[in-house]
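Listed below, chain by chain, are the residues.
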Amino acid sequence: MISRTISNQDLVKGLAGSSMTNLDTHWPEILDVVRQKVAQQTFNTWFMPLQPVNTDKNVPSVDCPDRFFMDWFSEHHLNALNEAGSDYFGTETLFSLQVPEAKAISQAMTANSATAEPTVETGGTETPAARLDTGAAQQKANQPGILIKKTTPVTAPRTATMTNINPEYTFDNFVVGSGTDLVFAAATAVSNNPGGHFNPLFIHGGVGLGKTHLMHAIGNAIAKDDPDKRICYITAENFMNDLIASIRDRRTPEFKLKYRSMDVLLVDDVAFLTGKESTQEEFFHTFNALYDLKKQIVLTSDRSPKEITTLEERLRSRFEWGLITDVQPPNLETRMAILKRKVESNQIMISDDVITYIAENITDNIRRLEGALIRLLAFASLTGNEISLEMASEVLSSFFQGSSSGPVKIADVMKTVGSVHDVTVDQLKSKRRTQDLARARQIAMYLSREMTGASLNQIGRAFGNKDHSTVSYACQKIADLMKTDARFRGAVLDIQDRIRGRR
Ligand code: ADP
Ligand code: MG
């Protein structure tokens, strides 16, 4: 029996000394710990392909299938692995990642012969499914005491080439809301029938609303259905850089061939082509070649084709041949659903009031929504404190100031409640307690608590130095009344809408 509370040093000694205590023998159990921590999908995709390495160095080490995988894993999943290792061994365990030498060399060669611009090939000769098989085979072989001979994994040769596709952006983890139901339907239709009716698919809309996500999702879905497809994601800017590099290096024939031999070409941010005439010219020919062969083209932009100034007319008209669809900012429910999804998929505990607070303050950009969440998580893990509404308001208030809508201030709440109830802000701050005034004050305190994220103490101070228990009582009173009296509830929600400027 191997004790669970051995230290890294013991492990290292074991690794060096005996085949019974090498990393192989611990690996299945470490994986079991990981399994408790991450979603099944994440586990299958990112942990199953790892292979433990027996080494006499002072760090437990695992092989990744390729460089892209390693970079991605290091950024997104290494912590989970380290935590699992630490739980398992009972001492802080930091894994090192590596790509087996033979693979690294062959990848470097492919990268050199491919393009000047840094592209990442995911999949390559191995599909995720193939990786999964390798992982499963490895698991079977991972019996205690059995040393695994390192062989090249046996996988059927596959030609699926996905250039620059981010496997994390899928249809599954895209939350469909009122502003994105059409574009989502269009994107799934395209992925079900690439090169069919909707060619090109042109998606436009504001920043951070999911255009790039949907584009990658199309790529991922098509690759899943047909691993033989050649799929390339590129920004219009990198397309231009690649073109320039190919001219410089006298590789234009290769450049043309590369893009014209794609089955699916996903070009992000095409408004960048504005004013870049030779790039437009080259893109025009690429477009025609692919279109004639019924290859799928997907384009995104922050503007509709009509709004892209100085775009050559012939290119504009081609952009309009297929389907043009836009992404709209999500409503409050969708923003909350997106946050909840992120929280759940990362297995984090955050209460609904914090989620509502973030969703209410960031209205027009999902990237910022995620950014707020990440900030909060980082702060919580640094300080070791639980995430509360107070913490959220403290950490995020400056972050929200960069948002176009901005946070609600207590002063805004007082002003609006005052005007609805026909009392002045000074009266709200006073000690007078006529019945109407007291009720208006309680509503204002409740809404300050709901909408600004300020603490009870902060609210108390803003209302003429009232005690926090007075604020707490007011919030409870109004919440109770809203539960039992639908009319009253409607009236409070109306005020809330006014404060938000929706009425
Ligand atoms: P855009 O390309 O429109 O600027 P992105 O596609 O880069 O926006 O989206 C920004 C971030 O928000 C990404 O991390 C993306 O995964 C996330 N995101 C956007 N829309 C959604 C959605 N509807 N559901 C889940 N995540 C989303
Ligand atoms: Mg984008």
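Throughout what follows, the structure given in this document is the object of discussion. Everything numeric in this text was worked out from a predicted model, so none of it was measured.

**Digging into the site of ligand 1**
Piece 1. Neighbouring ligand 1 are 17 residues, the closest being Val175, Gly208, Thr212, His213 and Arg367.
Piece 2. With respect to ligand 1, the backbone of Gly208 contributes an N or O atom lying 2.7 Å from an oxygen atom.
Piece 3. Contact between ligand 1 and Lys211: an oxygen atom at 2.8 Å from a side-chain N or O atom of the residue.
Piece 4. Taking 560 Å² as the accessible area of ligand 1 by itself, protein coverage stands at 93%.
Piece 5. Looking at the shell around ligand 1, the elements that each hand over two or more residues are helix H9 (211–225), helix H14 (332–345) and helix H16 (366–383).
Piece 6. Residue composition of the shell around ligand 1, grouped by class: seven nonpolar, six polar and four charged.

**Some remarks on the pairing of strand S9 (residues 296–301)**
Piece 1. Of all six residues in S9, six are buried, a share of seventy percent or more.
Piece 2. Where burial is concerned, the two faces of S9 agree: the one with Gln296, Val298 and Thr300 and the one with Ile297, Leu299 and Ser301 are both buried.
Piece 3. Pairing geometry for strand S6 (residues 201–205) and S9, over four bridges, is parallel. Bridged to Ile203 within S9 is Thr300.
Piece 4. Read from strand S8 (residues 264–268) through helix H12 (residues 277–292) to S9, the crossover connection turns out right-handed.

**Some words on helix H20 (residues 435–452)**
Piece 1. With 18 residues, H20 extends 25 Å between its outermost C-alpha atoms, agreeing within 8% with the 26 Å of an ideal straight helix rising 1.5 Å per residue.
Piece 2. Extensive coverage of H20 is indicated by the burial of 13 of its 18 residues.
Piece 3. Taken from the residues just after H20, Gly453 is the one with a positive phi, measuring 75°.

What counts as what
Here the residue numbering is sequential within each chain, running from 1 through the sequence in written order. Each chain is given a letter, starting from A, and each ligand a number, starting from 1, according to the order in which they appear as written. In keeping with the predicted nature of the model, local features appear solely for residues at pLDDT of at least 70, side-chain atom pairs appear and are counted solely at 80 or more, and the whole-chain, interface and lining totals rest on all residues. By convention in this description, side-chain values take in all heavy atoms of the structure and omit both hydrogens and water. Whether a residue is near a molecule or strand is decided by its heavy atoms; if any one of them lies within 4 Å of it, the residue is near. Nitrogen and oxygen atoms within 3.5 Å of one another constitute a polar contact, given that in protein one can donate a hydrogen and the other can accept it, and given that sequence-neighbouring residues count only through two side-chain atoms. All accessibility values rest on the Shrake-Rupley procedure with a 1.4 Å probe; residue burial counts only the protein chains present in the view. Numbered from the N terminus, helices here are DSSP runs of H or I no shorter than four residues, and strands are runs of E no shorter than two. Only Asp, Glu, Lys and Arg are considered charged in this grouping, and only Ala, Val, Leu, Ile, Met, Phe, Trp, Tyr, Cys and Pro are considered nonpolar; every other residue, Gly among them, is considered polar. Classification of residues uses two cut-offs on accessible area relative to the type maximum, computed with a 1.4 Å probe and protein chains only: under 20% is buried, over 50% is exposed, and between them is partly exposed. For two strands to count as paired, DSSP must find a minimum of two bridges between them. When the strands point away from the viewer and the path from the first strand over the helix to the second turns clockwise, the crossover is right-handed. Expected helix span is taken as 1.5 Å per residue step, with the number of steps being one fewer than the number of residues.

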